[in-house]
Each structure stands twice: as C-alpha cells, then as structure tokens.
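# Coordinates in review
The chain contents come next:
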Amino acid sequence: MRFDDGFDEEADASPRFQRLRVVAKWAGVGLASLLIILLVFIFWSTRRPFPQIDGSVTIPGLDGEVEIIRDDGGVPHIYATSMHDLFLAQGYVHAQDRFWQMDTWRHIGAGRIAEMFGEDQVETDAFLRAMGWGDLAAEQYEAAGPQVVEALDAYTAGVNAYLATRSPAELGFEYTVLELVNRSYTPEPWTPFDSIVWGKVMAWDLRGNMDNEIARALILDDFTPDELALLYPPYPESHPVIVGDSAPRVSGAGLAPAPVNALQTIAAALDSVGRVDAATGNSGVGIGSNSWVIGPERSATGSPLLANDPHLGIRMPSIWYQVSLHCVPKTADCPLAVTGFSFAGMPGIVIGHNDRIAWGLTNLGPDVMDLYIERINPDNPYQYEYDGEWRDMEVSTETIAVAGGDPVEVTVRRTHHGPIISDDYEVLETFTGDAGIPLPDSYAVSLRWTALDPGPAVIAAALELDLAQDFDEFRNALRLFDVPAQNVIYADIDGNIGYQAPGRIPIRDGWDGRLPAPGWRSEFEWSGFIPFDELPSEYNPEEGYIVAANNPVVDDSYPFLLTTDWNYGDRAHRIVEMIESEASLDLTDVALMQFDNHNRHAERLLPWLLAVDLSTQEDEIYLAAQEVLAEWDLDNDADSAGAAVFEAVWSNLLRLTFHDDLVEDLWPEGGTRWSLAVAGMLPFPDLRYWDDSNTPEVETGDDMLLAAFIAGVDEARELLGGEPATWEWGRMHGASFRNETLGESGVGLIENRFNRGPYPVGGGSDIVNATGYFADEGYEVTWLPSMRMIVDLGDLDRSLAIHTTGQSGHAYSAHYQDMIEAWASGEHRPMRWDREDIERNSEGTLLLRP
C-alpha cells in the first residue's frame, strides 16, 4: 500500500538533506551530532513498543491472578483459574505483540483501509463495503451463544486493557511512521465485531472456485471442447482420494456453452477480485496445504502422529501466533488446556492440540460461490429481472473516510443473490450470448456466497474444537464450521485417527456452478445445503493413515457435488508414497516429509527436455545445462543446479506456449494442472497451442521445447551467471517477508525497517515443501508453508512446531525474525506443553492482577 503524499525518496533526498544542515546550523550543532540524535530517536522509537514480559500489571475485570510465562521462542503460555481470564489474557498478549497487524486486518475486513492509507484504497474499500463483512460480523455476534459472546467480550477487554496504557507510538513503530503522512489517525478501541470480521477475510482467501469460474467463462468461446479438455486434464488414476477409491469429477469434463456470457462484466469482476486479494494477502489459486495423520500401527511411537502445514501467502509478520491456554486447575467450569496456533485478533486456538486430541486443517475448496449475470432494468439501475418481473434491489450508501482527503460516498446494490460486484466500472456496452437467450441491454454481476449468509462465526467452531475430548465431540464442534469449509484431520491419545469435512455446501439441481449463471432464471437457484451427517467422514481407516492435501475428498460415487476444481494431487501422491515406503515412521521421518523437495511434475517432463536436440547451438552452455538435468535427482533443494535449470525452462515453456492464446489474467501460474496439461500435449506436436500466433511461421511442439530450453537457460544465466553446474535454485527462488502495509509503501527507507529477505529456499509449486511462485511473474516465493506442526499423541511434550517469521510484530524485537532461518532449513522447535519444561526454558513471567 503506497502513501499518498507524493513523497519520492530519491527526488527529495537532497533538499531534505539540505534542510537538515539548516536545522543543525540554527541549533548550533554539527550535522554529525544531529544524525546521532536522529539515530537515537529511531532506536528509541523502534523499541518503546516492546511488551512488558516480567513483573506484574493490574487489569480491572479479572476474576483472579493470571500467569503468562513466555518461553525461549517468545510463545506465551497462559495460566488462569477461569475461561474469562484466559481469553482476556490472550487478547492482552495479542495486542502486546501484534496490534498493528490486528488493526490493519480489521480495517480490511470492514472496508476501511483508506482511512489509514489514503485514496489509493478507496476502490478496494468500495468492493469490501459491497461484501458487507462488517455488518455480518455484528449480526453474528448478536446471534452467538453465551460461550462465544463471553469469550469475545473477555478477549476484547484484554485488548482494550492494553490499549488504555499505551499511546499509538507505544503500540508499534508503524504508528510512528504512519503519523508522518496521516497525523489524524488514532486506533479505536477493539470490539467483538473486529474479532469476527477477520474470519470473513480468511474465508475470502480460501474461497474455492470463483477464480476458475471466471477463467472458464473468459476462455469458453475461444477453444473447442477438445482443446478446453486439454487445459483441464482428468485426475490421474494413481493419485489418492481422501474418502473413496475411484476418480473424481474434474472441472474440464463436459463443459457446455455458458447459459449466458458477459465477458466485459466478468472481466470487471476479476479486476475487483484482484484488488481485494492485494489487500488481504491472498496469493493465488495454486495455494494449498498439507496434512496427514498416521495411526499407531504405522507409528514408531505406537501412538498417532499428526502433521499439518497450511500454505498461505508470504507476509511479515506471520499470519499465525502461537499460544497456550491452561485452566489451573482444570475443572468443569474451566475445562480448557490447549496449545497451538491462533490468529491475532481472535480468541482461542485454530490449529493445535489439547490434553486429549489434536487436529489440523487444509482447505477443502468446495464450490460455495456462484456468479450471476443480472438483467438490469435499462430505465432503472436499481431494479433487476427475476422470473419475468422487475424486483427492487437493496440499495445503501456507504461513506468511506479517506486519510488526507474528503470522504467518498459509494452506492452498494444487492439482489437476492448477493452484492453487485461489478459496480466500480464504467457502463458496459458489448456482450455476447448464446443458447438462444435474448440478451438485455444492461448487465451486472452479483455474487452468491455462503460466507455472506447468516450463520455461526468460525470462532464458535474453534472454541468447541479447543474443548473437544473425543471424535464425537470433535465432529459436533465442526457442525459449527460453516465457512471456510476445511478438511479437518484428527488424532487422540487413545490411538484413534479420523477425518471430517465440515462446511455449508450448496446443492444445485440440474447445473454444476462451473460457469456464471443467468440471474433472471429461477432454475439456477441453490436448492439447499448438504446435510452435515452426509458430508465425508472417516474414522480409523483400514490403511492406517489419512492424507488430506487439497486432493479430491470423494470419488464419483458420492451423491453430491462438492466441487470439480480439486488440486491434482501431486503432493498427496508423494505423501502417500513416503508413508507406504516405510514400515513405521517417527517424528524425524515426519519432519523430513514436511520438507520433502521431490519434483513430481519433473518426472513427467524431464524425458522430453533431455530429448531436445541442442547440437546445432553454437553456445555450449545449453548442452551443459542439459547435462546438469541428466544428472539431477529431481529434488528442488535450495542448492540444486538441476532444479534451477528445470524451473527456468518450465516457466519459459508455459510463457511461449500459452501467453499468445490466453488473456493476461489467465496466464498459467504453474502447478500440477498445467504440468499434466503440457504432458498431455507433448505427444501431439501439431496442436494449435504450440503455434506462436505472433509469428508468420507455424511452430510445433518440438519448436517450442527448443525455444523454451534456450530461453530458460538464457534467463538463468542472466540471474545466476557462471556455468550451469554452479547454479542454485535458492538464488532464483528467494523468500522475501514483507510487511503487508508499510513494507509495500514504495519508500525504501521505510520498507527496509520492516521487510526481511530474500532467503534462499528449496521447494516449489505443488511440491510437498510448497514454496510456490507464479510462473508468469518470476521465481520469488509468493506462498509457502505458513507453519509446520507435528503432534505426537503418545507424548505431547515431544511435539514440534514452527511458523515462518517469529512471534513478535515489532520490527526490532528478538522474536521478529528468529524463526525464519530455521523454517527455511526445515527445522522445528519444541511445541512445549509440560509446565516444568516451559519454566526451565522461559524468558519472562508476567502476572496480571485484578
């Protein structure tokens, strides 16, 4: 997010430097002295927000004394005599370490970014106001049960207790920087709605197939059914399904022409989606996650081992905050004993374990969104047609506050399907249609999405999960997990393992939701939702393990359609392969599995690359690169020369093959789907896709392989220099952790205070160590394993965990970046559980007193 004061660092450096000289002369001090004073001020400003971690603090409203022990990783372990005090203390420590992150997240969720960062964010705010997440959060709070309300209220009290003792500059160095361009901003007190609204943002990031729905609509008229089928290959028979034995239905099979096609309107909606993704940190449709659970018969410990590493957009600080909550003593009134990963801004633990069970999450990705092309009354933009009659829209006016500018009013329109999401654009004029449907003169795109329906907040399910003691209670907790629908794996100390797919997933009669639907026809409405007891579930399977890595949940025998946009299963296949290759696995084995860099799609493409005839090339570097590929072990390790050659050639093959055939928004990002598509095309060198429409010649597949090989090696040489044998994948594929707001300000002096990296890493897209990148943009990591957790249900103290950056959101804290290098090298840290162990490895103990 860029500032709006017009500051250009290079242009303004000299005159500002001269002003420093004038001030120094007037003050009677030398410039060197003034710079020393400035450095002292910066040092003080960056450290004054550091939290108190020792001693005692008095907080009104506590039931009793609370003890917060921070271990050597900066992880707080909270001990209290009541649930109220646990959640109050959790709010307090979240605010201590991450309040800037919490503050910006709530502004994103409520569509209030511009009041912090200026007019550049007005269009994003307008789209977010149309979503109405802030109003939905308020409705969910009012409808919540007493346990959820009490947790939210206590958490809110803890956050505000901390805010009451600190000025903005004492909450985070970011506020000192923000004051340079936005002197009017002061953080508001926290509210329970702020805690709920971030769940909506996460639901957006994990939204499912809307991007694919848009993509299919944009290319449907450009290709024959056979050509489209090549872009959406069938799911490989050898790849696993979570619950089932046969192949699932996938997105390219049997695509019929859209019932209505409004390309410009859909493109406008795609632009809106991109702006919101930039604000929320969503990094593309290739994002996935890994989870698996191994039963006692396959575990070297004799007890289940549960592993989870959710893949989310790279950011600074980490999206996760590790914390433990312990009732002392544990009683019927205070039954909580749980540790794991939370979101700063929300009470409870999202992923982790308590004293009896452990659980992990990966995105299920069901089709819970539909785009509707609405027929608008040309004489009244606030009416739309439905079953032959004009209906009035729900219309509201939203006022967007703008830092450094005047407020902006925007009009939000909603149909019964949901908000109009194409309203930020000029009148759309040209549309096409087919299927004999007469096209109206004016259109708009609305969004139907389960996350915009009334229902329980995700916090309700998280709190019940934290308390669950067995598989039945685990499943009952997930009845409240409406959005975003997840794969949830399970293990307990009694040796049981399980799986449940929760979520509010619509039923469509006679259509499948893969393309935008005509909003004026009632036969395209949802007819209900899949009952929870009919959602996929598994308990102690015969195989002795469960793998959920965004691969298909069910096969084609399942009576309901969850989605056709599954991940194609390279990661899941590799995980199953590693599990079945050993008679038993221990914690070390599982840790190595999480960091596995084997490149499955190189298995498909490498023989073709080794067969490319380079004998006519004068420069010997191309043959040298081919020799490197021939000796490569197919692992994308950070120091691998073979991985550097392969990924460079692969990216250029996608560019040369598809960029002339697809609009820019749909250029291939890489991953298993495109790997399978290209592998399916390679035996047919005369396919239309191989020809470069920008040249008079007609290129073949052989021509494209040669061109991509040369282009890829040339690119790698430019990036890495030297000889191919000395190249290293990690030098191309760096992980740069950027602050999502000030780290994207466009001012290098500011960005350098908050950003860290790049760090060379191994892995890649749809590799188990999923450090993903966009093949159409470069090789920099854009999404990654946001944390790694392994729980040993036989001895919880042996459990391991790490997330990407560090516990602290304060840029100069010792815990701001202390996990990065360990994370990048595949290491874990103890996931401490036993109090004596925590005390032996503590760095501070803070008492909260009433």
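Residues numbered from 1 in each chain as written. Predicted model: local features only at pLDDT ≥ 70, side-chain atom pairs only at ≥ 80, totals over all residues. Heavy atoms only, no water.

### Re the overall build of the protein chain
- Per the secondary structure count, the protein chain includes 26 helices and 29 strands.
- In the protein chain, which comprises 850 residues, the proportion classed as buried is 62%.
- In the protein chain, the share of contacts with a sequence separation of at least 24, taken over all contacts with a separation of at least 6, comes to 74%.
- Carbon and sulfur atoms provide 50% of the accessible area of the protein chain, an area that totals close to 31400 Å². (Helix = DSSP H or I, 4+ residues; strand = E, 2+ residues; numbered from the N terminus. Buried < 20%, exposed > 50% of the residue type's maximum accessible area, 1.4 Å probe, protein only. Contact = heavy atoms within 4.5 Å. Areas by Shrake-Rupley, 256 points an atom, 1.4 Å probe, with all protein chains shown as cover.)

### Points about the nonpolar core
- If you look at the biggest cluster of nonpolar residues, it comprises 220 residues, and the most contacted ones within it are Trp133, Trp449, Phe474 and Leu848.
- A total of 13 residues in this core trace back to one element, the largest contributor, which is helix H3 (residues 83-110).
- Residue contacts for Phe474: discarding those within four places in its chain leaves Ile357, Trp359, Leu465, Ala468, Val488, Ile489, Tyr490 and Gln500.
- Residues Trp292, Ile575, Ala591 and Ile790 belong to the second largest nonpolar core, which totals 19 residues. (Core = buried A, V, L, I, M, F, W, Y, C linked by side-chain atoms within 4.5 Å.)

### Describing the packing of H3 against helix H10 (residues 192-205)
- Running from amino to carboxyl end, H3 crosses H10 at an angle of 65°, the nearest separation of the two axes being 8 Å. Classed by the angle they form, the pair H3 and H10 counts as roughly perpendicular. Pair H3 / H10 crosses with left-handed handedness. Between H3, through Trp105, Arg106, Ile108, Gly109 and Ala110, and H10, the contact on the second element is made entirely by Asp194, Val197, Trp198 and Val201.
- Along the lines of polarity and charge, the residues of the contact of H3 with H10 split into six nonpolar, one polar and two charged. (Axes fitted to C-alpha atoms, helices over the stretch in contact; angles between N-to-C directions. Parallel < 35°, antiparallel > 145°, perpendicular 65-115°, else oblique. Left-handed = near helix turned anticlockwise from the far one by under 90°. Nonpolar A, V, L, I, M, F, W, Y, C, P; charged D, E, K, R; others polar.)

### Digging into the confidence of the model for the protein chain
- Averaged over all residues, the pLDDT of the protein chain is 89; the fraction at 70 or higher stands at 88%.
- Note that pLDDT drops below 50 for residues 1-29; the model gives that stretch 40 contacts with residues more than four away or on any other chain. (pLDDT = per-residue confidence, 0-100.)

### Comments concerning the sheet that holds strand S2 (residues 66-71)
- Strand order in the open sheet made by the eleven strands is S1-S29-S2-S3-S6-S7-S8-S9-S16-S17-S21, with mixed pairing throughout. Both edges of this open sheet fall to strand S1 (55-58) and strand S21 (537-539), since each of them pairs with a single strand only. If you compare each strand with its neighbour and ignore which way they point, the axes differ by 15° on average.
- In terms of strand pairing, strand S6 (residues 321-327) meets strand S7 (residues 337-342) through six bridges, oriented antiparallel. Bridging across to S7, His326 finds its partner in Ala337. (Pairing = 2+ DSSP bridges.)

### Some points on a negative patch on the surface
- A cluster of acidic residues, Asp245, Glu542, Glu543 and Glu580, forms a negative patch on the protein surface.
- Looking at the element boundaries, Glu542 is found in the loop between S21 and strand S22 (545-547).
- Using a relative accessible area of 79% as the deciding quantity, one classes Glu542 as exposed. (Patch = residues over 30% accessible without salt bridge, like charges linked within 9 Å, V, L, I, M, F, W, Y side chains within 5 Å. Salt bridge = Lys/Arg side-chain N within 4 Å of Asp/Glu carboxyl O. Lys, Arg positive; Asp, Glu negative; His and termini not counted. Charge placed at Lys NZ, Arg CZ, Asp CG, Glu CD.)

### A short note on the packing of aromatic side chains
- Tallying each qualifying case throughout the model produces 33 aromatic pairs.
- Aromatic rings pair up to connect Phe99, Trp100, Phe117, Tyr175, Tyr185 and Trp190 into one cluster.
- Residue placement shows Arg756 over the ring face of Tyr812; its charged tip is 6.0 Å from the ring centre. (Phe/Tyr/Trp six-rings, centres within 6.5 Å; stacked < 30°, edge-to-face > 60°. Lys NZ or Arg CZ within 6 Å of the ring centre and 35° of its normal.)

### Here's the deal with the pairing of strand S26 (residues 787-792)
- S26 sits mainly inside the fold: six of its six residues count as buried.
- Both faces of S26 are covered, namely the face carrying Met787, Met789 and Val791 and the face carrying Arg788, Ile790 and Asp792.
- Sheet topology note: the strand S5 (residues 305-313)/S26 ladder contains four bridges and is antiparallel. If you follow Ala307 over to S26, its bridge partner there is Ile790.
- As paired elements, S26 and strand S27 (residues 800-803) share four bridges and run antiparallel to each other. Of the residues in S27, the one forming a bridge with Arg788 is Ile802.

### Quick word on the state of the cysteines
- Scanning the model with the defined rule gives one disulfide in all.
- Put simply, Cys327 and Cys334 are joined by a disulfide, and their sulfur atoms are 2.0 Å apart. Its torsion about the S-S bond being -85°, the disulfide of Cys327 and Cys334 is classed as left-handed. Here Cys327 and Cys334 have matching classes, each one buried. (Disulfide = S-S within 2.5 Å.)

### Notes on unusual backbone geometry
- Here Met316 and Pro317 are connected by a cis peptide whose omega angle stands at 0°.
- One can find Pro317 in the loop between S5 and S6.
- At the junction of Val483 and Pro484, the peptide bond is cis and its omega measures out at -5° in the coordinates.
- Within the fold, Pro484 resides in the loop between helix H15 (471-478) and strand S16 (486-492).
- Unusually for a residue other than glycine, Asp387 sits at a positive phi of about 50°.

### A short note on the side chain of Glu174
- Looking at where Glu174 falls in the secondary structure, it is placed in helix H9 (residues 173-178).
- Buried and without a salt bridge, Glu174 has Arg98 as its closest oppositely charged side chain, separated by 9.2 Å.
- Not counting the four nearest positions on each side in its chain, Glu174 is found in contact with Trp100, Asn739, Leu742, Phe754 and Gly809.

### Some thoughts on the pattern of salt bridges
- Inspection of every chain in the model, using the stated rule, returns 38 salt bridges.
- One salt bridge connects Arg129 with Glu398, and the closest N-O pair in it is separated by 3.0 Å. One end of the pair, Arg129, is in helix H5 (residues 122-131); the other, Glu398, is in strand S13 (residues 394-400), with 269 residues separating them in the sequence.
- You can call Arg129 buried: its relative accessible area is 11%.
- Ionic pairing is found between Arg600 and Glu603, a salt bridge with its closest N-O pair at 3.0 Å.

### Digging into the pairing of S27
- Two elements, S27 and strand S28 (residues 829-830), share two bridges in a ladder whose sense is antiparallel. Paired with Ala801 across the strands is Arg829, a residue of S28.

### As for the packing of helix H18 (residues 600-610) against helix H19 (residues 621-631)
- Direction vectors running N to C along H18 and H19 enclose 140°, while the axes themselves pass 10 Å from each other. Of the possible angle classes, the one that applies to H18 and H19 is oblique. Classified by chirality, the crossing of H19 by H18 is left-handed. Across the interface between the two elements, Leu606, Leu609 and Leu610 from H18 touch Gln626, Leu629 and Ala630 from H19.
- For the contact of H18 with H19, the class distribution of residues is five nonpolar, one polar and no charged.

### Digging into helix H14 (residues 458-467)
- Among the ten residues of H14, nine are classified as buried, and the element is accordingly described as predominantly covered.
- Among all positions in H14, only Val458, Ile459, Ala460, Ala461, Ala462, Leu463, Leu465, Asp466 and Leu467 are buried.

### Some details on the side chain of Arg673
- Mapped onto the elements, Arg673 comes out in helix H21 (residues 672-681).
- Despite being buried, Arg673 has no salt bridge partner; Asp565 is the closest side chain of opposite charge, sitting 7.0 Å away.
- For Arg673, the side chain forms a polar contact with the main-chain oxygen of Leu231, separated by 2.7 Å.
- Once residues within four sequence positions are removed from consideration, Arg673 is found in contact with Leu231, Tyr232, Pro233 and Tyr568. (Polar contact = N/O pair within 3.5 Å; in protein donor to acceptor, adjacent residues only side chain to side chain.)

### Here's the deal with the environment of Glu65
- Locating Glu65 in the fold gives a position in the loop between S1 and S2.
- A sequence separation of 20 residues divides Glu65 from Asp85, and the C-alpha atoms of the two residues are 8.3 Å apart.
- If we skip the residues at most four places from it in the chain, Glu65 touches Tyr79, Ala80, Leu847, Leu848, Arg849 and Pro850.
- A distance of 2.8 Å separates polar atoms of two side chains, one belonging to Glu65 and the other to Arg849.

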